[in-house]
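# Overview (structure and organization)
Here are the chains, one letter per residue:
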Amino acid sequence: MDGQALARAEVFVCPRCKGALAAAAEALRCAACRLAYPVADGIPVLLIDEAMPMASGDLSSSSE
Ligand SMILES: [Zn+2]
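The following paragraphs examine the structure supplied in this document. Here, residues in each chain are numbered from 1, in the same order as that chain's written sequence. In keeping with the predicted nature of the model, local features appear solely for residues at pLDDT of at least 70, side-chain atom pairs appear and are counted solely at 80 or more, and the whole-chain, interface and lining totals rest on all residues.

## What about the nonpolar core?
What counts here: The term nonpolar core refers to a group of buried residues, namely Ala, Val, Leu, Ile, Met, Phe, Trp, Tyr and Cys, whose C-beta atoms join them within 7 Å. For every residue, the other C-beta atoms within 10 Å of its own C-beta are counted; 20 or more classify it as buried, 12 or fewer as exposed, and values in between as partly exposed. C-beta atoms are placed from the backbone. Secondary structure elements are taken from DSSP: a helix is a run of H or I of four residues or more, a strand is a run of E of two residues or more, and numbering for both begins at the N terminus.
By size, the foremost hydrophobic cluster in this structure holds eight residues: Cys14, Leu21, Leu28, Cys30, Leu35, Ala36, Tyr37 and Ala51. The set of elements that each furnish at least two residues to this core consists of β2 (27–30) and β3 (35–40). Examining the composition of this core, we find that three residues originate from one element, β3, more than from any other.

Printed below as a string of structure tokens:
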């Protein structure tokens, strides 16, 4: 019963593997699937069909 409230937190999970997504500039990334889900007008598009595959090596480029 207490899981419902927590689901409202701004934590997005990958629709494919249910893993937590890492927020990037204009996409939400799943490191496990190596997919980047686009964010349109601030709304994440969590559709596998819309996800873009990440280039290999892009995972380590989290310098900010
Ligand atoms: Zn995933």
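And the narrative resumes.
## As for the pairing of β3
Each regular strand shows side chains that alternate between the opposite faces of the sheet. Threshold: For two strands to be treated as a pair, DSSP must find at least two bridges joining them.
As paired elements, β2 and β3 share four bridges and run antiparallel to each other. Pairing of cysteine 30 across the sheet is with leucine 35, part of β3. Connecting the antiparallel pair β2 and β3 is a turn made up of four residues, with arginine 34 showing a positive phi of about 55°. Two elements, β3 and strand β5 (residues 52–53), share two bridges in a ladder whose sense is antiparallel. Across the sheet, residue alanine 36 finds its bridge partner in β5, namely methionine 52.

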